[in-house]
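Chain by chain, the residues run as shown.
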Amino acid sequence: IADMAGATRDAVIDDLLSSKAIYRAPGGAYVASDVYLSGNVRQKLREARASLEDGEDMQASIDALIAVQPADVPYFQIEARFGADWLRPEINRQFIIDTLGLKNAQENDIVLTRAVTGWRVEVSDRVKNMGGIQDITGAPPSGSRGTGLSLRRFLEATLNTQTITVTYADDDGTYKDTKATEQANQKAGEMRQKFGAWLWSDPERRVEAERAYNDIMNAIATPQIDGSFLEFPGMALARGDQPFNLR
């Protein structure tokens, strides 16, 4: 571009920056405005601010990114699903602890791990053997040959929005326990429904969850193609009283 314009590289960059055709990105790169001001603009703003703290000239880029940030979605408009990826695992874990009524819960009592295929749950022996588990799962406890329903399997299905099937066995084989299956899925649905009210009930948790949702799920700006900075010497840029649309 500098060769075609018959100008120095620095002069071309200054001209493009002043016309807002490009913006300076962290690390000294330059990016076209419609590209830089779209996509995950929240992440770009965090990176630009970090670069500014490191001494890079990023203020113009920061100001432009601030202007295109999506408006925050207030918590009362957010559908918070139990097991949602945008929430810290500890929040889902605390909901389980509160639902089970665990007092003085230890770190290994409930352990959540996010795998490629979904949430994995580990439950300590203390929790497995506590009273009232069947009231939580709605099904008989797990037994031999995969019958019944363990708390671990119930929690994994509830977190991953999976359908639960409970079985029973006799001397002739293993069969679906229709009544227990219905009760377990009803209990799982009730637990999921209670999560939103529980999440937003605590002021500190509400602020954290609202911020997390907006930072992760509400971070994208669509490209705005604008050719208004372009100049066309010798070309008529208006017809009558209206300018041509250069976009």
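Here, the structure is the one placed above.
This report concerns the structure included in the present document.

Cut-off values and rules
The residue numbers shown here count from 1 along each chain, following its written sequence. Local features in this predicted model are restricted to residues whose pLDDT is 70 or higher, and side-chain atom pairs enter the listing and the counts only when it is 80 or higher, whereas totals over whole chains, interfaces and linings include all residues. For side-chain calculations, the full set of non-hydrogen atoms in the structure is used, while hydrogens and water are omitted. The numbering of helices and of strands both runs from the N terminus, where a helix is a DSSP run of H or I of at least 4 residues and a strand a run of E of at least 2. Only protein chains enter the calculation, and the probe is 1.4 Å; a residue is then buried if its accessible area is under 20% of its type maximum, exposed if over 50%, and partly exposed in between. Residue burial considers only the protein chains on display, and all accessible areas are found by Shrake-Rupley using a 1.4 Å probe. We define a salt bridge as a side-chain nitrogen of Lys or Arg found within 4 Å of a carboxyl oxygen belonging to Asp or Glu. Paired strands, in this sense, are two strands between which DSSP finds at least two bridges. Any Phe, Tyr or Trp ring, taking Trp's six-membered ring, that has another such ring centre within 6.5 Å forms a pair; planes under 30 degrees apart are called stacked, those over 60 apart edge-to-face, and the others tilted. Only the contacting stretch of a helix is used when fitting its axis, a line to C-alpha atoms as for every element, and angles between N-to-C directions run 0 to 180 degrees. Any angle between 65 and 115 degrees counts as roughly perpendicular, while under 35 counts as roughly parallel, over 145 as roughly antiparallel, and the rest as oblique. By the convention used here, residues are in contact when the closest approach between their heavy atoms is within 4.5 Å. The residue classification treats Ala, Val, Leu, Ile, Met, Phe, Trp, Tyr, Cys and Pro as nonpolar and Asp, Glu, Lys and Arg as charged. All others, Gly included, are polar.

When its secondary structure is counted, the protein chain shows eleven helices and ten strands. When burial is assessed residue by residue, the protein chain has 36% of its 247 residues classed as buried. As displayed, the protein chain has an accessible area near 15200 Å², and 50% of this comes from carbon and sulfur atoms.

In this section: the pattern of salt bridges. Pairing is possible between side chains of opposite charge, provided their charged atoms come close. In total, this model carries ten salt bridges according to the counting rule given. The closest approach of N and O atoms between Arg-93 and Glu-90, which form a salt bridge, is 3.3 Å. Of this pair, Arg-93 and Glu-90 both sit in helix α6 (residues 89-100), three residues apart, which is roughly one turn of that helix. The exposure class assigned to Arg-93 is buried, which follows from its relative accessible area of 12%. A salt bridge links Arg-152 to Glu-156; the nearest nitrogen and oxygen atoms lie 3.1 Å apart. Within this pair, Arg-152 and its partner Glu-156 are both found in helix α9 (residues 151-159), separated by four residues, close to a single helical turn. Within this structure, Arg-42, Asp-72, Arg-211 and Asp-215 form a network of salt bridges that share partners.

Below, the discussion takes up the pairing of strand β7 (residues 173-176). As judged from the four bridges shared by strand β6 (residues 167-170) and β7, these two strands associate in the antiparallel manner. Residue pairing in the sheet places Thr-167 in a bridge with Lys-176 of β7. The turn linking β6 back onto β7 is made up of two residues.

The subject of this paragraph is the packing of aromatic side chains. Within this structure, the stated rule accounts for ten aromatic pairs. Summarising the aromatic geometry, the rings of Phe-82 and Phe-195 are spaced 5.3 Å apart at their centres and angled 40° between planes, so their arrangement reads as tilted. Of this pair, Phe-82 sits in the loop between α5 (59-67) and α6 while Phe-195 sits in helix α10 (residues 178-201), and the two are 113 residues apart along the sequence. Exposure remark for Phe-195: the relative accessible area of 0% places this residue in the buried category. Aromatic side chains Trp-86 and Tyr-213 sit 5.1 Å apart centroid to centroid with 80° between the ring planes, which places their arrangement in the edge-to-face category. Taken together, the positions of Trp-86 in the loop between α5 and α6 and Tyr-213 in helix α11 (residues 203-217) put the pair 127 residues apart, joining distant regions of the chain.

Turning next to the environment of Gln-77. When you line up the elements, Gln-77 lands in the loop between α5 and α6. Since its relative accessible area comes to 56%, Gln-77 is described here as exposed. The sequence separation of Gln-77 and Glu-210 amounts to 133 residues, and the corresponding C-alpha distance is 9.8 Å.

This part is about the packing of α6 against α10. It is the contact of α6 with α10, at a shortest axis distance of 11 Å, that shows an interaxial angle of 110°. The orientation of α6 relative to α10 falls into the category roughly perpendicular. Taking contact as the criterion, the partners of Ile-91, Asn-92, Gln-94, Phe-95, Ile-96, Asp-98 and Thr-99 in α6 are, on α10, Met-191, Lys-194, Phe-195, Trp-198 and Leu-199. Its residues assigned to classes, the contact of α6 with α10 comprises seven nonpolar, three polar and two charged.

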